[in-house]
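What follows is the residue order along each chain.
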Amino acid sequence: MRDGQLVLMTGMEKKANSGGASIYLMFIGLAVAAMGAFFVVIMWNSFQAAKETRAWPEVGASVIDSSVAERRFSKETAKEYSLKLHFDYSYEGKRYDGYNLKKRENPWYRNREKIEALVEKYPSGMETKAFVNPAKPEMAVLAHDTKAAGYSIWFPGLFVVGGIGCMLRGTRNLLKG
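### A few points about the packing of aromatic side chains
According to the stated counting rule, one finds seven aromatic pairs in the structure shown. Considering the side-chain rings of W154 and F155, the 5.7 Å spacing of their centres and the 85° angle between planes classify their relative orientation as edge-to-face. Classification of W154 as exposed rests on a relative accessible area of 52%. When the centroid spacing of 5.4 Å and the interplanar angle of 75° are considered together, the rings of F155 and F159 count as edge-to-face. With a gap of four residues between them, F155 and F159 both fall in helix 5 (residues 154-176), about one helical turn apart. Classification of F155 as partly exposed rests on a relative accessible area of 46%. Given a relative accessible area of 40%, F159 falls into the partly exposed group. In textbook terms, an aromatic cluster arises when at least three aromatic residues are bridged by ring pairs, as seen for W44, F47 and Y151.

Laid out in structure tokens, this is it:
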């Protein structure tokens, strides 16, 4: 009886109020929040790395070689293609060689046309600009990574909030007993 009213509890309601169900809900919430937090951290680091290169000084660069590299791990696997890039640039009076289009290593794709489009965009002999890491001048890129991860970080953040909500609900149910 609650507040003078007779309350009939079904088997499901009794089970939901049991300690085991509350602890289960708390652990599910913890798992969901942890997965969300993991992806928030990954996306934040990606956003920060993309933002970092935009602060690097811009210098002139010459593309020495731009071609399609290919690899195959075995006869049973499909060929993969990557941009083979070599450019040179000068920074503070010293000459350097660069090999990466973006801050991360040039990726491998199964789609050759995607790489051929990059070869056309950065042909051998092209004069372009490079962005040089002032703390490590041997590191330079010709293009910036996308900052899209920073604009999408809210989505895994929802999992963090939802997981915390589940943990709080489970704790409240456990304390009510």
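### Things to note about the sheet that holds strand 2 (residues 80-91)
Read across the open sheet, the five strands follow the order 3-2-1-4-5; overall the sheet is antiparallel. Either end of the sheet is taken by a strand with one partner, and the two such strands are strand 3 (94-98) and strand 5 (140-141). One ladder, built from five bridges, connects strand 2 with strand 3; its direction is antiparallel. Residue Y91 lies in a different strand from strand 3, and its bridge partner there is K94. In the packing of helix 3 (residues 112-121) onto the sheet, the strands contacted are strand 1 (58-71) and strand 2, and the crossing angle to strand 1 comes to about 155°.

### Comments concerning a nonpolar patch on the surface
Together, I23, F27, L30 and L174 line one region of the surface with nonpolar side chains, adding up to about 370 Å² of accessible area. Looking at the nonpolar patch, the element that brings in the most residues is helix 2 (residues 19-53), giving three residues. Here L174 is to be found in helix 5. Exposure remark for L174: the relative accessible area of 36% places this residue in the partly exposed category.

### Here's the deal with the confidence of the model for the chain
Across the chain, the average pLDDT comes to 88, with 89% of residues at 70 or higher. Least confident of the elements in the chain is helix 1 (residues 11-16), whose mean pLDDT is 52; most confident is strand 4 (residues 127-132), at 96.

Each value, and the rule that gives it
Within each chain, residue numbers correspond to sequence positions counted from 1 in written order. In keeping with the predicted nature of the model, local features appear solely for residues at pLDDT of at least 70, side-chain atom pairs appear and are counted solely at 80 or more, and the whole-chain, interface and lining totals rest on all residues. The side-chain quantities take in all heavy atoms of the structure and omit both hydrogens and water. Working definition: a ring pair exists when centres of Phe, Tyr or Trp rings (six-membered ring for Trp) sit within 6.5 Å. Plane angles under 30 degrees give stacked, over 60 give edge-to-face, the rest tilted. Each residue is assigned to one of three classes by its accessible area relative to the maximum for its type, calculated with a 1.4 Å probe on protein chains only: buried under 20%, partly exposed between the two thresholds, exposed over 50%. By definition, any uninterrupted DSSP run of H or I lasting at least four residues is a helix, any uninterrupted run of E lasting at least two residues is a strand, and each is numbered from the N terminus. A pair of strands is treated as paired once DSSP finds two or more bridges between them. Residue contacts are defined here by distance: any two heavy atoms, one from each residue, within 4.5 Å place the two residues in contact. In this analysis, axes come from line fits to C-alpha atoms, helices being fitted only over the stretch in contact, and the angle between any two N-to-C directions falls in the range 0 to 180 degrees. Only residues whose relative accessible area exceeds 30% and that take part in no salt bridge are eligible for patches, with like-charged residues grouped when within 9 Å of each other and nonpolar side chains (Val, Leu, Ile, Met, Phe, Trp, Tyr) grouped when within 5 Å. Per-residue and other accessible areas follow the Shrake-Rupley method at a 1.4 Å probe size, with only the shown protein chains counted as cover for residues. When a carboxyl oxygen of Asp or Glu is within 4 Å of a side-chain nitrogen of Lys or Arg, the pair counts as a salt bridge. On a range of 0 to 100, pLDDT expresses the predictor's confidence in each residue.

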